[in-house]
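Residue strings, one per chain:
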Amino acid sequence: MITRRRLAGHLAASAMALLTRPACAQVPPPTWPGRPVRMICPIAAGGGIDAVTRLVAARLSEIWRQQVVVENRTGGSGNIAAEAVARSEPDGYTILAAPPSLAVASFLFASLSYDPVADLAPVSLLGMYPNIMVVPNSSPAHSVKEFIAYAQANRGKITYASGGHGSSLHLAGELFLRMTGIEMTHIPYRGAAPAFNDLIPGRVDVMFNLLTSSLPLIKAGKIRGLAMATPERVAVMPDLPTVAEAGVPGFDVSSWIGLLVPVKTPPQIVSKLHADTVAALGDPATRQQLEKMGVVAVASTPGELAAQLKADMVKWGPVIKDAGISIRE
């Protein structure tokens, strides 16, 4: 089992191995893929991560002329899916479509039955998800500064919703607290949909969430966007400032999705999977569909995905520790 004490050493070793892997092209086994490939998604069908997974899987199916079956394995804050892939045969036929929860699992759980770094090999990022700070239409706050002032005037009374205890957007709220010095009470829900059900009528005061699921509600006039939780403004909402430029410098809570395989997967297969994933994301129709979802297509090298994991661990580890967030198995 992995413990937090082992994490730093695994991170350094894994990142170094990936970054120093020879860049020369390697020929994959001529029969791969010679049968359907499973792509394991830790998010329920219908969610934003699931939608991206299915879009990329469909394009890879066309490239390989083999079916890529998306299998949703939810639960355990993504650990059930990650462990299933980590423990599968390293033959290229089982792939993990991982969200940022993979980076924080080691901090949320006292121990894991798999090692997110030592047992999984990064292949490529697929895309970045902009997150947004939203409030009910009844909120007196029309900007981040107004919300901070409102929270300071109502200390101990403000609530923020998230799609689950220990989720990346729960952590977004905790980071906002740390960086602004305000007080808010976390109200976790089983997914974004029930959280919106309480945000819309004003039963909770604020929520950080994916732009993909928030934008339709904003356009329908059911909730109000205060700011983007991204380093820069996004094309679909160019007039909405970022949290950083609206009063909280340095605030950045962007979500991502990436592909990983069992660590002992032959490098020839990893190389082909990486090349074909880059090709799939370079397809104009695929990119256009991702843009409609509010997702920025981002292909990366395995080393860049390893660096993203490491950066998230360094960023969120202290937030989780300071807030005393943990999940019981």
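A few points on the structure.

Conventions we followed
Sequence order as written defines the numbering, with residues in each chain counted from 1. Reporting in this predicted model follows two pLDDT cut-offs: at least 70 for local features of residues, and 80 or more for side-chain atom pairs to be given and counted; totals over whole chains, interfaces and linings ignore these cut-offs and use all residues. With hydrogens and water set aside, each side-chain value is computed from the structure's full complement of heavy atoms. Strands are runs of DSSP state E lasting at least 2 residues, helices are runs of H or I lasting at least 4, and numbering of each runs from the N terminus. As defined in this context, the radius of gyration uses C-alpha atoms, and a globule is described by 2.2 Å times the residue total to the power 0.38. Burial here depends on accessible area, computed with a 1.4 Å probe over protein chains only, as a share of the maximum for the residue type. Under 20% is buried, over 50% is exposed, and the range in between is partly exposed. Working rule for contacts: check all heavy atoms of both residues, and any pair within 4.5 Å makes them a contact. Lys and Arg are tallied as positive, Asp and Glu as negative. Neither His nor the chain termini are counted. Each charge is placed at NZ for Lys, CZ for Arg, CG for Asp and CD for Glu. Aromatic pairs are defined between Phe, Tyr and Trp rings, using the six-membered ring for Trp, whenever the two ring centres lie within 6.5 Å; interplanar angles under 30 degrees are classed as stacked, those over 60 as edge-to-face, and all others as tilted. A ring is considered to have a charge above it if a Lys NZ or an Arg CZ atom is located within 6 Å of its centre and within 35 degrees of its normal. Two strands are said to pair when DSSP picks up at least two bridges between them. Note: the arc covers the axis-to-C-beta directions of the helix. Note on geometry: axes are C-alpha line fits, over the in-contact stretch for helices, and angles between N-to-C directions span 0 to 180 degrees. Definitions used for this entry: grid spacing 1 Å over protein atoms alone; cavity, a set of points where a 1.4 Å probe fits but cannot get out; pocket, an open set with protein on both sides within 12 Å along at least 5 of 7 lines; lining residue, one with an atom within 4 Å of a point. Grid points are joined across faces, edges and corners, and a volume is the space filled by probe spheres set on the points. Each residue is assigned to one class: nonpolar for Ala, Val, Leu, Ile, Met, Phe, Trp, Tyr, Cys and Pro, charged for Asp, Glu, Lys and Arg, and polar for all the others, Gly among them. Criterion for a salt bridge: a side-chain nitrogen of Lys or Arg within 4 Å of a carboxyl oxygen of Asp or Glu.

**Focus: the overall build of the chain**
Right, so step 1: Helix and strand counts for the chain stand at eleven helices and eleven strands.
Right, so step 2: The C-alpha atoms of the chain give 20 Å as radius of gyration, which agrees with the globular expectation for 329 residues (20 Å, within 12%).
Right, so step 3: When each of the 329 residues of the chain is scored for burial, the buried share is 52%.
Right, so step 4: Once local pairs closer than 6 in sequence are excluded, the contacts in the chain between residues at least 24 apart make up 78%.
Right, so step 5: One way to put it: in the chain the 29 positive side-chain charges average out to a point 2 Å from where the 24 negative ones average out.

**Observations concerning the packing of aromatic side chains**
Right, so step 1: On inspection of all chains with the given rule, the structure shows six aromatic pairs.
Right, so step 2: Measuring from ring centre to ring centre gives 6.4 Å for Phe147 and Phe176, while their planes differ by 55 degrees; the resulting arrangement is tilted. Separated by 29 residues along the polypeptide, Phe147 in helix α5 (residues 144-153) and Phe176 in helix α6 (residues 168-180) bring together distant segments of the chain. In terms of burial, Phe147 and Phe176 fall into one category: buried.
Right, so step 3: Measuring from centroid to centroid gives 5.9 Å for Phe176 and Phe251, while their planes differ by 90 degrees, and the two rings are edge-to-face. With Phe176 in helix α6 and Phe251 in the loop between β9 (223-228) and β10 (255-262), this residue pair connects regions lying 75 residues apart in the sequence.
Right, so step 4: What makes Phe251 buried here is its relative accessible area of 1%.
Right, so step 5: Following the ring pairs from residue to residue traces out a cluster consisting of Phe147, Phe176, Phe208 and Phe251.
Right, so step 6: Directly above the ring of Tyr93 sits Arg35, whose terminal nitrogen or CZ lies 3.7 Å from the centroid.

**As for the sheet that holds β10**
What links the strands of a sheet is backbone hydrogen bonding, and the strands pair in either a parallel or an antiparallel sense.
Right, so step 1: Judged by pairing direction, the sheet is mixed, and its six strands sit side by side in the order β2-β1-β3-β10-β4-β11 without closing on themselves. Every interior strand has two partners, whereas the edge strands, β2 (68-72) and β11 (296-297), have only one.
Right, so step 2: The sheet contact formed by strand β4 (residues 120-129) and β11 spans two bridges and is antiparallel. For Met128, the partnering residue across the bridge sits in β11 and is Val296.

**A look at α5**
Right, so step 1: Regarding α5, the residues found buried are Val144, Phe147, Ile148 and Ala151. All buried residues of α5 project into a common sector of 100 degrees when viewed along the axis, lining one side. Exposed and facing more than 90 degrees away from the buried side of α5 are Lys145 and Ala153.
Right, so step 2: On the buried face of α5, the contacting elements are β5 (131-136), α6, β8 (206-210) and β9.

**Details of the sheet that holds strand β6 (residues 159-162)**
Right, so step 1: Overall, mixed pairing links the five strands, which are arranged β7-β6-β8-β5-β9 in an open sheet. Each edge of the open sheet carries a strand with a single partner, namely β7 (185-188) and β9. Sheet twist, expressed as the average angle between the axes of neighbouring strands with direction ignored, equals 30 degrees.
Right, so step 2: Looking at chain direction, β5 and β8 are connected through four bridges and run antiparallel. Across the sheet, Asn131 pairs through a bridge with Leu210, a residue of β8.
Right, so step 3: Here helix α7 (residues 192-199) sits on the sheet and contacts β5, β6, β8 and β9; the angle it forms with β8, its principal contact strand, is near 145 degrees.
Right, so step 4: Across the sheet, helix α8 (residues 211-219) lies against β5, β8 and β9, angled at about 120 degrees from β8, the strand it touches most.

**Structural notes on empty space enclosed by the protein**
Right, so step 1: The full count for this structure, using the stated rule, is two cavities of 30 Å³ or more.
Right, so step 2: Considered as a void within the structure, the second largest cavity measures approximately 60 Å³ in volume.
Right, so step 3: Only α3 (79-86), β3 (94-98) and α4 (101-108) provide two or more residues apiece to the lining of the second largest cavity.
Right, so step 4: The greatest single-element share of the lining of the second largest cavity, amounting to three residues, is contributed by β3.
Right, so step 5: When its residues are assigned to classes, the lining of the second largest cavity shows eight nonpolar, four polar and no charged.

**Digging into the pattern of salt bridges**
Right, so step 1: For the coordinates displayed, the defined rule picks out twelve salt bridges.
Right, so step 2: Two residues, Arg59 and Glu62, come together in a salt bridge whose shortest N-O distance is 2.8 Å. Placement of the pair is Arg59 and Glu62 together in helix α2 (residues 48-64), with a separation of three residues, close to one helical turn.
Right, so step 3: A salt bridge links Lys272 to Asp276; the shortest N-O distance between them is 2.9 Å. Note that Lys272 and Asp276 are positioned in helix α9 (residues 267-282) at a spacing of four residues, about one turn of the helix.
Right, so step 4: Three or more residues joined by partner-sharing salt bridges are found here, namely Arg38, Glu71 and Arg73.

Any link to function would need more than the numbers given here.
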